[in-house]
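# A closer look at the structure
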Amino acid sequence: MKETNSTQPNNPLHGIKLVTILEELTEKYSWEDLAGQVNINCFKSNPSIKSSLKFLRRTPWAREKVEQLYLQSFKK
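Residues numbered from 1 in each chain as written. Predicted model: local features only at pLDDT ≥ 70, side-chain atom pairs only at ≥ 80, totals over all residues. Heavy atoms only, no water.

## Let's talk about helix α5 (residues 49–58)
Those residues of α5 lying buried are S52, L53 and L56. All buried residues of α5 fall inside an arc of 100 degrees around its axis, so they share one side. Facing away from the buried side of α5 by over 90 degrees, the exposed positions are K50, K54 and R58. In this structure, the buried residues of α5 make contact with α2 (18–28), α3 (31–37), α4 (41–44) and α6 (60–74). (Buried < 20%, exposed > 50% of the residue type's maximum accessible area, 1.4 Å probe, protein only. Helix = DSSP H or I, 4+ residues; strand = E, 2+ residues; numbered from the N terminus. Arc of directions from axis to C-beta. Contact = heavy atoms within 4.5 Å.)

## Thoughts on the pattern of salt bridges
According to the stated counting rule, one finds one salt bridge in the structure shown. Between E67 and R63 there is a salt bridge whose closest N-O contact spans 3.0 Å. Residue E67 and its partner R63 are located together in helix α6, separated by four residues, close to a single helical turn. Judged by its relative accessible area of 18%, E67 is buried. When its relative accessible area of 29% is taken as the criterion, R63 is described as partly exposed. (Salt bridge = Lys/Arg side-chain N within 4 Å of Asp/Glu carboxyl O.)

Printed below as a string of structure tokens:
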């Protein structure tokens, strides 16, 4: 990972997959907590990693909010 970080030193998410972000967030928070912090239906209605990945890959604004929550939660 050190090698990839040197190519994008200002991107703290470089090299971290979206699936990893979701897995770590769901370990730390419940789906209900996630829905409260990021108001998107994929966290509210029958939430799953698979459905959330599909939605977040198609919806840049929602992905950005989830990435920001991840950074606030884990990158202090």
